[in-house]
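For reference, the chains in residue letters:
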Amino acid sequence: MIKRLRTIYKEGSMYPVKILFSSDDFVDLLTRVKYMERLAVYDAELFNNYDYQINTLKRKKEALLNA
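This section reports on the structure supplied with the text. (Residues numbered from 1 in each chain as written. Predicted model: local features only at pLDDT ≥ 70, side-chain atom pairs only at ≥ 80, totals over all residues. Heavy atoms only, no water.)

## Examining the packing of aromatic side chains
And then number 1: In total, this model carries zero aromatic pairs according to the counting rule given.
And then number 2: In this structure, K34 packs its charged tip against the face of Y35, placed 5.2 Å from the ring centre. (Phe/Tyr/Trp six-rings, centres within 6.5 Å; stacked < 30°, edge-to-face > 60°. Lys NZ or Arg CZ within 6 Å of the ring centre and 35° of its normal.)

## Structural notes on the side chain of D43
And then number 1: Looking at the secondary structure, you find D43 in helix 3 (residues 26-66).
And then number 2: Setting aside anything within four residues of it in sequence, one finds D43 in contact with M1 and R4. (Helix = DSSP H or I, 4+ residues; strand = E, 2+ residues; numbered from the N terminus. Contact = heavy atoms within 4.5 Å.)

## A closer look at the environment of D43
And then number 1: Residue D43 is classed as buried on the basis of its relative accessible area of 13%.
And then number 2: It is 15 Å that separates the C-alpha atoms of D43 and P16, two residues lying 27 residues apart in sequence. (Buried < 20%, exposed > 50% of the residue type's maximum accessible area, 1.4 Å probe, protein only.)

## Some points on the pattern of salt bridges
A side chain with one charge may pair with a side chain of the opposite charge, provided their charged atoms come close.
And then number 1: Counting across every chain of the model gives three salt bridges.
And then number 2: R4 is the partner of D43 in a salt bridge, and the nearest nitrogen-oxygen pair spans 2.7 Å. Residue D43 is located in helix 3, and its partner R4 is located in helix 1 (residues 2-11); the two are separated by 39 residues in the primary sequence.
And then number 3: You can call R4 partly exposed: its relative accessible area is 22%.
And then number 4: Here E11 makes a salt bridge to K18, at a shortest N to O gap of 3.0 Å.
And then number 5: Residue classification places E11 among the partly exposed residues on the basis of a relative accessible area of 35%. (Salt bridge = Lys/Arg side-chain N within 4 Å of Asp/Glu carboxyl O.)

Keep in mind these values describe shape, not function.
Take a look at the structure:
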């Protein structure tokens, strides 16, 4: 994931457009769209899990400090 994030950062906001327009044909375009959607769902799950873990650790830290 880190490599992907680094590449997206380096390529800029037009990165998804570059990927889609580099398709060889319509079927390739649809395949790329499908994979990009799957990556977006996967990334959202990762970030949600990370956020949940951070919030859990914060609550545990506060509980320990208040104990």
